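Survey of secondary and tertiary structure
Residue strings, one per chain:
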Amino acid sequence: MEAVILEPTRTDGVMVINGREWMEDAKGNLVPLANVKPEDKLQDETVRKIIGFAKDLSAQIARFKRHTVADLASLNAIYEQEYGQTLGGKKGNTTYMTIDGRMRVVVQFADQVTFGPQIHVAKSLIDECLTEWAAEARPEIQAIVTRAFNTDKEGQINKSEIFMLLRLDIADARWQRAMDAIRDSIRVTGAKGYIRFYERENPNDEPVAITIDLAKA
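The structure contained in this document is the topic of the report that follows. As the structure is a prediction and not an experimental result, all values here were calculated from the model. (Residues numbered from 1 in each chain as written. Predicted model: local features only at pLDDT ≥ 70, side-chain atom pairs only at ≥ 80, totals over all residues. Heavy atoms only, no water.)

The sheet built from four strands is open, its strands ordered β4-β5-β6-β7 with antiparallel pairing. Edge strands, defined here as strands with exactly one partner in the open sheet, are β4 (94-97) and β7 (208-209). Relative to β7, strand β6 (residues 186-199) is paired through two bridges, and the arrangement is antiparallel. Within the sheet, the bridge partner assigned to Y198 lies in β7 and is A209. In this fold helix α5 (residues 173-185) packs onto β5 (103-115) and β6, with an angle of close to 75 degrees to the strand it touches most, β6. (Pairing = 2+ DSSP bridges. Helix = DSSP H or I, 4+ residues; strand = E, 2+ residues; numbered from the N terminus. Contact = heavy atoms within 4.5 Å. Axes fitted to C-alpha atoms, helices over the stretch in contact; angles between N-to-C directions.)

Two faces, one strand: in a regular strand the side chains alternate between the faces of the sheet. Note that β4 and β5 share four bridges and pair antiparallel. Bridged to T95 within β5 is V106. Here β4 folds back onto β5, and the loop between the two strands holds five residues, one of which, G101, carries a positive phi near 75 degrees. Two strands pair when backbone bridges link them, and β5 and β6 are joined in this way by 13 bridges, in the antiparallel orientation.

Moving on to the packing of helix α2 (residues 118-133) against helix α3 (residues 139-149). Two measures define how a pair of helices packs: the angle their axes make with one another and the distance between the axes. The contact between α2 and α3 brings their axes to 12 Å, and the two run at 155 degrees. The angle between α2 and α3 places the two elements in the roughly antiparallel class. Of the two possible hands of crossing, α2 and α3 adopt the one that is left-handed. The segment α2 lies against α3, with I119, K123, I126 and L130 engaging I141, Q142, V145 and F149. The residue makeup of the contact of α2 with α3, split by class, is six nonpolar, one polar and one charged. (Parallel < 35°, antiparallel > 145°, perpendicular 65-115°, else oblique. Left-handed = near helix turned anticlockwise from the far one by under 90°. Nonpolar A, V, L, I, M, F, W, Y, C, P; charged D, E, K, R; others polar.)

If you walk across this open sheet you meet the three strands as β1-β2-β3, and the pairing is antiparallel. The strands lining the two open edges of the sheet, one partner per strand, are β1 (14-17) and β3 (30-32). Each strand of the sheet is rotated relative to its neighbour by a mean of 45 degrees, with strand direction disregarded. Bridge count between strand β2 (residues 20-24) and β3: three bridges; the pairing is antiparallel. Residue pairing across strands places W22 opposite P32, the latter belonging to β3.

On to the nonpolar core, then. Most often, soluble globular proteins have nonpolar side chains that are buried together. Core analysis: the biggest nonpolar cluster contains 24 residues, and I126, V145, F149, I162, L165 and W175 have the highest contact counts within it. Breaking this core down by element, the ones donating at least two residues are β5, α2, α3, α4 (159-166) and α5. Looking at this core, the element that brings in the most residues is α2, giving seven residues. Other than its neighbours up to four places away in sequence, I162 contacts F115, I119, A148, F149, I157 and I182. (Core = buried A, V, L, I, M, F, W, Y, C linked by side-chain atoms within 4.5 Å. Buried < 20%, exposed > 50% of the residue type's maximum accessible area, 1.4 Å probe, protein only.)

Over its 16 residues, α2 extends 23 Å from the first C-alpha to the last, a length consistent with the 22 Å expected when each residue adds 1.5 Å. Those residues of α2 not exposed but buried are I119, A122, L125, I126, C129, L130 and W133. The arc that holds the buried residues of α2, viewed along the axis, is 135 degrees, so those residues lie on one side. Away from the buried face of α2 by more than 90 degrees, exposed residues H120, T131 and E132 are located. Those residues of α2 that are buried lie in contact with β5, α3, α4 and α5. After α2 finishes, the residue A134 shows a positive phi value of roughly 45 degrees. (Expected span 1.5 Å × (residues − 1). Arc of directions from axis to C-beta.)

Function-wise, these values are silent; they only describe arrangement.
As structure tokens, this is what we get:
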């Protein structure tokens, strides 16, 4: 039996077996490199190049975040040692600035919110109201309710639209009970931290965010 000599897969996705070049397709089958269409090979090379840059950038951002958190923690420790208290508000929200006020680092913590079973009681009461009001119900209210209770692919309801319901001024007693049920259903399960960066050219300019989010770059 002929020994199979398998060389390490190259960065271009090509593997060499017994001196012949192959590529693996999406089903795991080996396809001779000579049978791969030039345009497919070009697409493969382009995607591999982009993913390589993306992985390097992702690792760089992760290191940057770790260094930023460590630097701010060190600064907080100095203030605590010097003044006996930490920087930041009640929830740890803090703004750090340069002396000229042109650069700032903002640390914010947002509550992570879920809803308890009372939210289903609220939905039933709201449905009763909308059914009884029928044609008299304002279309925008019906739209908010629909968006609020439409679950996403993870089964989560729309938090921002739920909170929008709480701001509606409706005197109906059932609606008010529904709003009470929503308030009772709110559960704060933790907090998520955000670090944002701002800079302005001149003292009178509005601070401009330094974008790290790829979607907003």
